[in-house]
Structure formats: structure tokens, C-alpha cells
Amino acid sequence: MGQKITIKEVAKQANVSVATVSRVLNGRDRVSKETKETVLKVVKELNYVPNTTAVSMITKQTQMLAVVVPDIENPFYTAVIKGAVSVARQEGYYVFVFSTNDNVKEESIFFESAQGRNVDGVILVGAHKEEAFYKSINKPVVLVDRYIEESGLDGVVINNFRGAYDATTHFIENGHRNIAVIIGPQDFNDGTERYWGYEQALKDHNIEPVNEYYMEGDWTEKHGYESTFELMNGSNPPSAILGANNMICQGAIKALRDLKLEIGKDISLIGFDENDIAEFVEPRVSVVKRPTHEMGVHATEILIQKLSKKESTSTVPKKVTLGCELLKFGSVRNLRNGG
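Criteria and cut-off values
Residues numbered from 1 in each chain as written. Predicted model: local features only at pLDDT ≥ 70, side-chain atom pairs only at ≥ 80, totals over all residues. Heavy atoms only, no water. Helix = DSSP H or I, 4+ residues; strand = E, 2+ residues; numbered from the N terminus. Buried < 20%, exposed > 50% of the residue type's maximum accessible area, 1.4 Å probe, protein only. Contact = heavy atoms within 4.5 Å. Lys, Arg positive; Asp, Glu negative; His and termini not counted. Charge placed at Lys NZ, Arg CZ, Asp CG, Glu CD. Axes fitted to C-alpha atoms, helices over the stretch in contact; angles between N-to-C directions. Parallel < 35°, antiparallel > 145°, perpendicular 65-115°, else oblique. Left-handed = near helix turned anticlockwise from the far one by under 90°. Nonpolar A, V, L, I, M, F, W, Y, C, P; charged D, E, K, R; others polar. Pairing = 2+ DSSP bridges. Salt bridge = Lys/Arg side-chain N within 4 Å of Asp/Glu carboxyl O. Right-handed = clockwise from strand over helix to strand, strands pointing away. Core = buried A, V, L, I, M, F, W, Y, C linked by side-chain atoms within 4.5 Å. Expected span 1.5 Å × (residues − 1). Arc of directions from axis to C-beta.

Caption draft 1: Highlighting the overall build of the protein chain. In terms of helices and strands, the protein chain carries 14 helices and 12 strands. Counting only C-alpha atoms and orienting by the principal axes, one finds that the protein chain spans roughly 85 × 40 × 35 Å. Relative to its 339 residues, the protein chain shows a buried fraction of 49%. Sequence-distant contacts in the protein chain: of pairs separated by 6 or more residues, those separated by 24 or more amount to 71%. Distance between charge centroids for the protein chain: 9 Å, based on 39 positive and 45 negative side chains.

Dropping the structure here:
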């Protein structure tokens, strides 16, 4: 008997919309206590058993969100995912995660697949560099970390420039002038803005950037490891290194260990993003801390607002920029006054 009752009948009996019944059944909190009690009473009286497929056909929503990231092993992306899940659960959405391996072909495959077509919306750390791809996505998407200005999409980023600027300035304030940066590709805002912050800090203190101290590659531990070896075995090794993300910093730490160099004494190091190795080596490595969990939270809140049509009809994309903080520990040697 219960299986034959439809969500439309529940809505009619409770004198509410089908969408309201769906929100109550999915545990979402945008329903008043009185309405919730009324709906649940009708559900019980009619012995209604939800048919999720039928509900999604009526409401045009599956209550599914996707978080699409380049690498699920990177702790930064894990934190973003956790932030997204924490909000989605409160709002009655389920989340599944898809890794593109930072490959544009795999990213395209996701959006063309049944999973990509069936989710209500996507939190995306994109691999594509062309704005045309993002404009072709026919569903709500919020970009995280990597932002394409002309995409027309909402996004959540951090102040990469300020983070790199403050880290480089901290080196300079401690007497360093031979400062290297190990950084990822300059295809997106995350890479370019961090380089600009590094470069501007040098220029503001009358230090000319040196080509041999600029190590561009990918955002991997391997790049951090190999670049550190190259820098320290060069004809003019730097006195300080900025590892421009967590994985690069980890690679640098391992390389310095293998080179038998003591961080904070033989070489100074600052990382971008907190990571386990930086936290537990002695001395602890200074890092630019960014609100990774909060990035996932903000992005999901924006996405769900769009899905619930609470947002205005403005076509101007919303770009949220979060701050970051330099956590100073013992990995930067003070070279002033013979330190």
C-alpha cells in the first residue's frame, strides 16, 4: 500500500510543494519546524515510502554533488573534500569524489559520463585552461583554488600573492638575498599569483630575481626533491627556498635530509600549505597556512544556494577570496648580525 503513494499525494495532503516534501525527507534544514512536523505526520499516516528515482524526476534533482579534484592523495584536496562533505550532509546532499589526475581528457570524460550528467552540481578544481570548456558545462559549478576569470563561474580562492609575498619578505627580513622558489605550472592563478608575490617582495627590497633560483615544474614531491638537489648543487646555492605548495615542500625536506643539510641552519625553508612532514621535522618548518577546509565549505554553500535558487538572478559570478597566514617556526635562519 505504502509503495503506491506518491510524493505528489504527500505534498497535496500536507498542503506544501513537492520540493518541500523532498527537503523534509532529505533532512535539509530550510523547512520550519511546524512544516516539518506536518509533512512527517502525513508521511506516517499515508505510510509513504520514498522512491528516490521518482522524487528526482519530479524535483529535477538527485541530491548528489560531485567534488572533482586533480589528486585525492594530496592533503590539500582531501581538506577541501571534507569541507564540502560537512556542508552537503547538513543540507541533505550526498557527495562523491572524482580524481582527474590533473588530466583534461579525464576531466572531460567525467562531465560526459552518466555520473557527471546526473549530479546536481560540481565543486571543481579544474584541469582545463581554456574558458570555453567551463562555459560549455551545462550545470552549476563552483571553481576552487584555480579560477578562470572569463569562465562566468563562481569560485573560491585564496590570496596567493599575499601568501608568497609575506613568506619571501620574512626571508628578507632575516637577512636573506639569495632566495629560490620551487613552483608549479604558471597556467592558473595559483601558480602565477604565488610567483608574482615572490617576485614583488624581492623587487620591493631592491633584490633582482635570479633565473637560476626559479624552478618551475609540476606540483609534486618529485619536483620539490629534484629541484632542491639542483639548487643546492649549483655554483651559487641559495640560502633560502620557498616551496610553493605542500608536496613541493615535502620533496624539499626529503632532499635536504639526503643532502645532510640542516634546515634552519644550513638552509632556510618555507612551505605553502601545512603538511605532516613540515609539522613534525625538527625544527618545524614555517608555512603559509591557507583555509583549505573553509574553501570546501564556502564553495559548497555557494553551490547549494544556487541549486535552491536563493541566489539572485545576477549573471555576475561570485568570487570569494580567503586570506592566508604565515606561521613562523624555526626553519628560517637569521643572517643579520652574523646569526
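Caption draft 2: Representation of the packing of helix α11 (residues 221-232) against helix α12 (residues 246-258) within the structure. Taken N-terminus to C-terminus, the directions of α11 and α12 make an angle of 45°; their axes are 6 Å apart at the nearest point. Put simply, α11 runs oblique to α12. The chirality of how α11 crosses α12 is right-handed. On α12, the residues that touch E221, H223, G224, Y225, T228, F229 and M232 of α11 are M247, I248, Q250, G251, A252, K254, A255, L256 and D258. The residue makeup of the contact of α11 with α12, split by class, is eight nonpolar, five polar and three charged.

Caption draft 3: Structural view of the sheet that holds strand β10 (residues 286-289). The sheet built from six strands is open, its strands ordered β7-β6-β8-β9-β10-β12 with mixed pairing. Edge positions in the sheet fall to β7 (214-216) and β12 (325-327), since each of these pairs with one other strand and no more. Averaged over all adjacent pairs, the angle separating strand axes in this sheet is 15°, with direction ignored. Of the strands in this sheet, β6 (179-183), β7, β8 (240-243) and β9 (268-272) are in contact with helix α10 (residues 189-204), which crosses β6 at around 175°.

Caption draft 4: Structural view of the pattern of salt bridges. Tallied over the full model, the rule gives 12 salt bridges. In this structure, the salt-bridge partner of K129 is D187, at a minimum N-O distance of 3.9 Å. Of the two residues, K129 is situated in the loop between β3 (121-124) and α8 (131-135) and D187 in the loop between β6 and α10; the sequence distance between them amounts to 58 residues. Take K129: its relative accessible area is 41%, and that puts it in the partly exposed class. Overall, D187 belongs to the partly exposed group, its relative accessible area being 45%. Between K254 and E221 there is a salt bridge, with the nearest N and O atoms lying 2.8 Å from each other.

Caption draft 5: Geometry of the pairing of β6. Counting buried positions over the five residues of β6 gives five, a clear majority of the element. Pairing between β6 and β7: three bridges, direction parallel. Bridge assignment links V181 to a residue of β7, and that residue is Y214. Following the chain from β6 across α10 to the adjacent parallel β7, one finds a crossover that is right-handed.

Caption draft 6: Structural detail: the environment of A180. Here A180 lies in strand β6. As a C-alpha pair, A180 and A240 span 60 residues in sequence and 6.2 Å in three-dimensional space. If sequence neighbours within four positions are ignored, A180 has contacts with Y198, Y213, L231, P238, A240, I241 and L242.

Caption draft 7: Summary view of the nonpolar core. With 65 residues, the main nonpolar core has Y198, I241, L242 and L269 as its most contacted residues. For this core, the element with the highest residue contribution is helix α5 (residues 75-90), accounting for eight residues. Discounting residues that sit within four places of it in the chain, L242 has contacts with A164, A167, T168, F171, A180, V181, I182, Y198 and I270.

Caption draft 8: How the structure looks around α11. Over its 12 residues, α11 extends 17 Å from the first C-alpha to the last, a length consistent with the 16 Å expected when each residue adds 1.5 Å. Listed as buried for α11 are H223, G224, S227, T228, L231 and M232. The buried side chains of α11 occupy one side of the element, clustering within an arc of 140° when seen end-on. Within α11, the exposed residues directed more than 90 degrees away from the buried face are K222 and E230. Summarising the contacts, the buried residues of α11 are in contact with β6, β7, β8 and α12.

Keep in mind these values describe shape, not function.
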